[in-house]
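# Secondary and tertiary structure notes
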Amino acid sequence: QKEVEQDPGPLSVPEGAIVSLNCTYSNSAFQYFMWYRQYSRKGPELLMYTYSSGNKEDGRFTAQVDKSSKYISLFIRDSQPSDSATYLCAPYSSASKIIFGSGTRLSIRP
Amino acid sequence: SAVISQKPSRDICQRGTSLTIQCQVDSQVTMMFWYRQQPGQSLTLIATANQGSEATYESGFVIDKFPISRPNLTFSTLTVSNMSPEDSSIYLCSVRGTATNYGYTFGSGTRLTVV
């Protein structure tokens, strides 16, 4: 079993839709949970990070962590064409290296 | 968060040659990380570069193929040696965040094509 599993997509939704991106992980020691956004031909940029379980909101983005089920989600409200990118989940602990999911390619149709 | 300058941004190289990628950070950092991202794939850690000691390589990566230098706390280089078409990838350097910002920051990457 991979340490981090992420649906590769591609996922295509109309502009304005709510997008849900998800990952599962197997290492219960993970404490920090990050989401990266990567535009084509660019390096990944940190979008959000959370520590332990719970929700964190930043504008149109909400990151959710459920450590009991080892499930992490990123929700995008009122999606825009500029949100079209690959999204990578990346959990880690202070004792481990960061592990990246395979990435979900998202396309927002105008 | 740190700002990372990476160069070259892209290159096309002949097989059998070597390419050195440079990574400059605008603040002092203990560890710098080098990643490879093959087409359509996620990021794979190549090695961790510590200042003043040899780099630590991940399984499947060796120093002879990917020598790394770390002369000071703001700079590192990764060399891709004796290149083959299978080395065509994006190579990225990264640093870990601070005590108040745990996220990793990435350079914009070097897109390498080996012909």
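Just above, that's the structure.
Residues numbered from 1 in each chain as written. Chains lettered and ligands numbered in written order. Predicted model: local features only at pLDDT ≥ 70, side-chain atom pairs only at ≥ 80, totals over all residues. Heavy atoms only, no water.

## Structural notes on the packing of aromatic side chains
Applied cut-off: Between rings of Phe, Tyr and Trp, where Trp is taken as its six-membered ring, a pair exists when centres lie within 6.5 Å; planes separated by under 30 degrees are stacked, by over 60 edge-to-face, and by other angles tilted. Only protein chains enter the area calculation, which uses a 1.4 Å probe; residues under 20% of their type maximum are buried, those over 50% are exposed, and those in between are partly exposed. Think of it this way: any DSSP run of H or I at least four residues long counts as a helix, any run of E at least two long counts as a strand, and we number them from the N terminus. Two conditions define a charge located above a ring, namely a distance within 6 Å from the ring centre to NZ of Lys or CZ of Arg, and an angle within 35 degrees of the ring normal.
For the structure shown, the criterion picks out 13 aromatic pairs over all chains. Their ring planes at 45 degrees and their centres at 5.3 Å tell us that tyrosine 25 of chain A and phenylalanine 33 of chain A sit as a pair that is tilted. Since its relative accessible area comes to 4%, tyrosine 25 of chain A is described here as buried. Since its relative accessible area comes to 2%, phenylalanine 33 of chain A is described here as buried. Their ring planes at 90 degrees and their centres at 5.7 Å tell us that phenylalanine 100 of chain A and tyrosine 35 of chain B sit as a pair that is edge-to-face. Residue phenylalanine 100 of chain A is located in the loop between β9 (85-92) and β10 (104-109), and its partner tyrosine 35 of chain B is located in strand β4 (residues 31-37); the two belong to separate chains. The exposure class of phenylalanine 100 of chain A is buried, given its relative accessible area of 9%. Taken together, the ring pairs in this structure connect Tyr32, Tyr51 and Tyr92 of chain A together with Phe33 and Tyr104 of chain B into an aromatic cluster. Lying across the ring of tyrosine 49 of chain A, lysine 56 of chain A places its NZ or CZ 4.3 Å from the centre.

## Overview of the state of the cysteines
Spelled out, the test is: When two cysteine sulfur atoms are found within 2.5 Å, that pair is recorded as a disulfide.
In the structure shown here, the tally under the stated rule is two disulfides over all chains. Between the sulfur atoms of cysteine 23 of chain A and its disulfide mate cysteine 89 of chain A the distance is 1.9 Å. Here the S-S torsion is close to -100 degrees, and the disulfide linking cysteine 23 of chain A with cysteine 89 of chain A is therefore left-handed. One end of the pair, cysteine 23 of chain A, is in strand β3 (residues 19-25); the other, cysteine 89 of chain A, is in strand β9, with 66 residues separating them in the sequence. Each member of the pair, cysteine 23 of chain A as well as cysteine 89 of chain A, carries the same accessibility label: buried. In this model cysteine 23 of chain B forms its disulfide with cysteine 93 of chain B; the gap between the sulfur atoms is 1.9 Å. Here the S-S torsion is close to 75 degrees, and the disulfide linking cysteine 23 of chain B with cysteine 93 of chain B is therefore right-handed. Of this pair, cysteine 23 of chain B sits in strand β3 (residues 19-25) while cysteine 93 of chain B sits in strand β9 (residues 89-95); the two residues are 70 residues apart in sequence, bridging distant segments of the chain. Per residue, the accessibility class of cysteine 23 of chain B equals that of cysteine 93 of chain B, and both read buried.

## A short note on the pattern of salt bridges
Residue and element names in this part refer to chain A. Condition: Any carboxyl oxygen of Asp or Glu that lies within 4 Å of a side-chain nitrogen of Lys or Arg is treated as forming a salt bridge with it.
This model, assessed by the stated rule, comprises four salt bridges over all chains. A salt bridge links arginine 37 to glutamate 45; the nearest nitrogen and oxygen atoms lie 3.1 Å apart. The class of arginine 37 is buried, set by a relative accessible area of 14%. Classification of glutamate 45 as partly exposed rests on a relative accessible area of 31%. For aspartate 83, the salt bridge goes to arginine 60, with nearest N and O atoms at 2.8 Å. Remark: arginine 60 occurs in the loop between β6 (54-58) and β7 (61-66) and aspartate 83 occurs in the loop between β8 (71-76) and β9; sequence separation between them is 23 residues. Its relative accessible area of 1% is what places aspartate 83 among the buried residues.

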